[in-house]
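The residues making up each chain are set out below.
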Amino acid sequence: MPAYPLAGRTMVVSGASRGIGLAIALAAAARGANIVLMAKTAQPHPKLPGTVHTAVAEIEAAGGKAVAVVGDVRREDDVRRAARTAVDRFGGIDICVNNAGAIAVEPTASLPAKRFDLMQEINVRGTFLLTQACLPALREAPEAHVLTISPPLNLSPRWLGAHPAYTQSKYAMTLLSLGWATEFAGAIAVNCLWPQTYIATSAVANMADGSALLDSARDPRIMGDAAAEIFCRPAKYTTGNCFVDAEVLIESGVRDLSGYGGGERPIPDLFLD
């Protein structure tokens, strides 16, 4: 494989100011890709590290090329502006990553309607809008990929009953992506990617016992490296899959995942039995 297998290709990624989105952006940039990062966080958050601007600075410090777009993935005008920025700045779009997400796992009786709506709007509507906005440019790309950060469909009562509203929103992201894999067959590869274990993100850190959970969570780099591996595969042979990060890397030849942390027994992530 060439040293920069994604050289000249451009990626648009949502929710990219920190965590998994930033890890995917860094991994793609390290392999030569141009990055357009879309996120709402333009100013430092009191409880969350990083902004879309610090994310760009981190990519550029590592030798990559990136541009920030401050916007809300729920807003059609904002996602269109992100897609237009990619075309105007870098000449096209080769990869679209639907990473932005919202989570609320309260029981149905106590879940506020506002939080239910937020999950549907960010997880489902946001995934649809960003993919739709990138479509014209993706259709022109010789090796076009759409990657959605959503889980394999698991109809086990364990997951259906644990937090139905959140489960439904994440499964809807997967259903859209699997549908697109058929709709765009032969033109655009569309896949999903999900972590095998908890990932050491701010969302995990802010949970009850967050510090202990972080010790048993893998570094976001594992998602970044798995995503980059998918993007390097021929699009026409790599579509309609629900990938798991560790399995992608093992299949690519990685034998030791200990460098990603998590200890001897990392905590399995949601939706995986």
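Draft legend 1. Examining the sheet that holds strand β5 (residues 144–148) more closely. Pairing is parallel in the open sheet, where seven strands are placed in the order β3-β2-β1-β4-β5-β6-β7. Every other strand in the sheet has two partners, leaving β3 (65–70) and β7 (242–244) as the edge strands with one partner each. For this sheet, the mean inter-axis angle between neighbouring strands, taken without regard to orientation, is 20°. Relative to β7, strand β6 (residues 188–194) runs parallel, the two sharing three bridges. Bridge assignment links Trp-194 to a residue of β7, and that residue is Val-244. Helix α4 (residues 113–140) rests against β1 (10–14), β4 (95–98), β5 and β6 of the sheet, and its axis sits at about 180° to β4. Running over the sheet, helix α6 (residues 164–183) touches β4, β5, β6 and β7 and is turned about 155° from β6.

Draft legend 2. How the structure looks around the pairing of β5. The element β5 is extensively covered by neighbouring structure, given that five of its five residues are classed as buried. Alternating residues of β5 divide into Ala-144, Val-146 and Thr-148 and His-145 and Leu-147, and every residue in both groups is buried. Summarising the sheet, β4 and β5 pair through four bridges and their orientation is parallel. Considered in β5, the bridge of Ile-95 is made with His-145. Pairing of β5 with β6 involves five bridges; the strand directions are parallel. Each bridged residue has a counterpart across the sheet, and for His-145 the counterpart in β6 is Ala-189.

Draft legend 3. View of the environment of Asp-209. Its place among the elements puts Asp-209 in the loop between α7 (202–205) and α8 (210–215). Each C-alpha atom of the pair Asp-209 and Pro-152 lies 27 Å from the other, and the pair is 57 residues apart in sequence.

Draft legend 4. How the structure looks around the pairing of β1. Counting buried positions along β1 gives five out of five residues, so the element sits mostly inside the fold. Neither face of β1 is exposed, since Thr-10, Val-12 and Ser-14 on one face and Met-11 and Val-13 on the opposite face are all buried. Bridge count between β1 and strand β2 (residues 34–39): five bridges; the pairing is parallel. Of the residues in β2, the one forming a bridge with Val-13 is Leu-37.

Draft legend 5. Representation of the packing of helix α1 (residues 19–30) against helix α2 (residues 52–61) within the structure. Across the interface, α1 lies against α2 with an axial gap of 10 Å and an inter-helix angle of 25°. With respect to α2, the axis of α1 lies roughly parallel. Crossing of α1 over α2 shows right-handed handedness. In this structure, α1 contributes Leu-22, Ala-25, Leu-26 and Ala-29 to the contact, and α2 contributes Ala-55, Glu-58 and Ile-59.

Draft legend 6. Structural context of the packing of helix α3 (residues 76–90) against α4. Remark: α3 packs on α4, axes separated minimally by 9 Å, with the N-to-C direction vectors making an angle of 30°. The handedness of the crossing between α3 and α4 comes out as right-handed. Only Leu-129, Leu-130, Gln-132, Ala-133, Cys-134 and Ala-137 of α4 make contact with α3, whose side of the interface consists of Glu-76, Val-79, Arg-80, Ala-83 and Val-87. Partitioning the contact of α3 with α4 into residue classes produces eight nonpolar, one polar and two charged.

Definitions and cut-offs
- Residues numbered from 1 in each chain as written.
- Predicted model: local features only at pLDDT ≥ 70, side-chain atom pairs only at ≥ 80, totals over all residues.
- Heavy atoms only, no water.
- Pairing = 2+ DSSP bridges.
- Helix = DSSP H or I, 4+ residues; strand = E, 2+ residues; numbered from the N terminus.
- Axes fitted to C-alpha atoms, helices over the stretch in contact; angles between N-to-C directions.
- Contact = heavy atoms within 4.5 Å.
- Buried < 20%, exposed > 50% of the residue type's maximum accessible area, 1.4 Å probe, protein only.
- Parallel < 35°, antiparallel > 145°, perpendicular 65-115°, else oblique.
- Left-handed = near helix turned anticlockwise from the far one by under 90°.
- Nonpolar A, V, L, I, M, F, W, Y, C, P; charged D, E, K, R; others polar.

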